[in-house]
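# Remarks on the overall topology
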Amino acid sequence: MAKDAPKCSCDTIHEDTVNDIKSKMPKDENLYDLAEFFKVFGDTTRIKIIYVLFQSELCVCDIAALLGMTQSAISHQLRVLKQARLVKCRKDGKVVYYSLDDEHVQTIFNMGYAHILER
């Protein structure tokens, strides 16, 4: 059975603190966008794709072979990652190569991974 979160027993609102924090809150639409951004990290296949792209720029068939999945499944996940601006692509003849969009992607991944290893 889950325990209830501890409850505050005071009746006084710390008005100065509340107003200070409220004035610094980002716009709701930006917080919504941030929540949507982090949802992209909520899929193991996408996390694996991000990880393999740390190592090298790869085409869909390389990623599919590495992860033991179909090219179609990988393409679908790459589309999601591209829409979230986590990966980018470049075309070389008939081959499309994917890489991380920028260094922030690896930083976000590494910080999350370090956090879960703290257990």
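Residues numbered from 1 in each chain as written. Predicted model: local features only at pLDDT ≥ 70, side-chain atom pairs only at ≥ 80, totals over all residues. Heavy atoms only, no water.

Looking at an unreviewed UniProt entry, one finds the chain named ArsR family transcriptional regulator, with Acetoanaerobium noterae as its source organism.

## Section: the UniProt feature "domain: HTH arsR-type" (unreviewed entry) in the chain
Under the UniProt annotation, the feature "domain: HTH arsR-type" (unreviewed entry) is placed at residues 26-119. What you have in residues 26-119 is 65% helix and 15% strand, and the ends, taken at the C-alpha atoms, are 30 Å apart. (UniProt positions renumbered as here; feature names shortened; annotations may be inferred. Helix = DSSP H or I, 4+ residues; strand = E, 2+ residues; numbered from the N terminus.)

## Here's the deal with the side chain of Ser-99
With respect to the helices, strands and loops of the structure, Ser-99 is situated in strand E3 (residues 95-100). Beyond its immediate chain neighbours, meaning those up to four positions away, Ser-99 contacts Leu-53, Glu-57, Leu-86, Val-87 and Lys-88. (Contact = heavy atoms within 4.5 Å.)

## A closer look at the pairing of E3
Where strand E1 (residues 58-59) and E3 come together, 2 bridges link them in antiparallel fashion. Its bridge partner lying in E3, Leu-58 is registered against Tyr-98. (Pairing = 2+ DSSP bridges.)

## Thoughts on the nonpolar core
Among the nonpolar cores identified, the biggest contains 21 residues, and Ile-50, Leu-53, Ile-63, Leu-78, Leu-81 and Leu-86 are the most heavily contacted of them. Counting residues per element, the ones that place at least two in this core are helix H3 (44-55), helix H4 (60-67), helix H5 (71-83), E3 and helix H6 (103-117). For this core, the leading source of residues is H3, giving 5 residues. If we skip the residues at most four places from it in the chain, Leu-53 touches Leu-58, Ile-63, Val-87, Tyr-98, Ser-99 and Leu-100. (Core = buried A, V, L, I, M, F, W, Y, C linked by side-chain atoms within 4.5 Å. Buried < 20%, exposed > 50% of the residue type's maximum accessible area, 1.4 Å probe, protein only.)

## Some details on the environment of Val-52
As for its position among the elements, Val-52 is in helix H3. Put simply, Val-52 and Leu-100 are 48 residues apart on the chain and 9.7 Å apart in space, counted from C-alpha to C-alpha.

## Re the sheet that holds E1
On the basis of which strands lie adjacent, the open sheet formed by 3 strands has the order E1-E3-E2 and antiparallel pairing. Of all strands in the sheet, those bounded by a partner on one side alone are E1 and strand E2 (87-92).

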